[in-house]
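Chain and residue survey
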Amino acid sequence: METEKHYSEMNENELRSEVASLMEKARKAEQMGMISEYAVHQRKAVMVQSYLVDPESIKPGEMYRIEGDDGMFFQVDYLKGLFAWGHRLGGEKAIEALPIAMLKDVKSGK
């Protein structure tokens, strides 16, 4: 019996394939009206995508756009693993963690 690999053990092609698989599962769940299952697959896909992001590209003190939350910006205080810890601008300054795949560079519009 084949054991499943951890995402951290996968190469780039395997990670991209896993993201595609999760997005397909999310699409099917959405079509069937299974909103909770859809959200789970979407979040798992974002976590897998975080393994494809170079953590060195996320700089503490910098501001980033939050993918999927138009008009919202996030200031990174520090990184821990695949999560950027910081706060949303214009909010109540509550500290929260976001997967690094959700952060897009403000300057280059990526």
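These numbers were taken from a predicted model, which means no experiment stands behind them.

What to know about the overall build of the chain
- A count of helical and extended segments in the chain gives two helices and five strands.
- Written out in order from the N terminus, the α and β elements of the chain read α-α-β-β-β-β-β.
- Based on the C-alpha atoms only, the size of the chain along its principal axes is roughly 45 × 35 × 25 Å.
- Long-range pairs, those at least 24 residues apart, make up 37% of the contacts in the chain between residues at least 6 apart in sequence.
- Charge-centre separation for the chain: the mean point of 15 positive side chains lies 2 Å from the mean point of 19 negative side chains.

Some details on the packing of helix H1 (residues 12-31) against helix H2 (residues 35-50)
- Between H1 and H2, whose axes approach to 8 Å, the crossing angle comes to 165 degrees. Classified by the angle between their axes, H1 and H2 sit roughly antiparallel to one another. In this structure, H1 crosses over H2, and the sense of that crossing is left-handed. Residues Leu-15, Glu-18, Val-19, Leu-22, Met-23, Lys-25, Ala-26, Ala-29 and Glu-30 of H1 form the contact with H2, whose own contacting residues are Glu-37, Tyr-38, His-41, Gln-42, Lys-44, Ala-45, Val-48 and Gln-49.
- Of the residues in the contact of H1 with H2, the class split is nine nonpolar, three polar and five charged.

Here we look at the pairing of strand E1 (residues 63-66)
- Of the strand pairs in this sheet, E1 and strand E2 (residues 73-80) are connected by three bridges, and their pairing is antiparallel. Paired with Arg-65 across the strands is Phe-73, a residue of E2.
- In this structure, E1 lies alongside strand E5 (residues 103-105), joined through three bridges in antiparallel fashion. Each bridged residue has a counterpart across the sheet, and for Arg-65 the counterpart in E5 is Lys-104.

Looking at the domain arrangement of the chain
- We note that the domain assignment places domain 1 (7-51) and domain 2 (55-105) within the chain.
- Each of domain 1 and domain 2 was reduced to a C-alpha centroid, and the two centroids are 21 Å apart.
- Opposite the five residues of domain 1 that make contact, domain 2 presents six residues.
- Here domain 1 packs against domain 2, burying approximately 460 Å² in sum over the two surfaces, 83% of which is carbon and sulfur.

Basis of the calculations
Residues numbered from 1 in each chain as written. Predicted model: local features only at pLDDT ≥ 70, side-chain atom pairs only at ≥ 80, totals over all residues. Heavy atoms only, no water. Helix = DSSP H or I, 4+ residues; strand = E, 2+ residues; numbered from the N terminus. Contact = heavy atoms within 4.5 Å. Lys, Arg positive; Asp, Glu negative; His and termini not counted. Charge placed at Lys NZ, Arg CZ, Asp CG, Glu CD. Axes fitted to C-alpha atoms, helices over the stretch in contact; angles between N-to-C directions. Parallel < 35°, antiparallel > 145°, perpendicular 65-115°, else oblique. Left-handed = near helix turned anticlockwise from the far one by under 90°. Nonpolar A, V, L, I, M, F, W, Y, C, P; charged D, E, K, R; others polar. Pairing = 2+ DSSP bridges. Domains from an automatic or database assignment. Buried area = accessible area lost by both parts, 1.4 Å probe.

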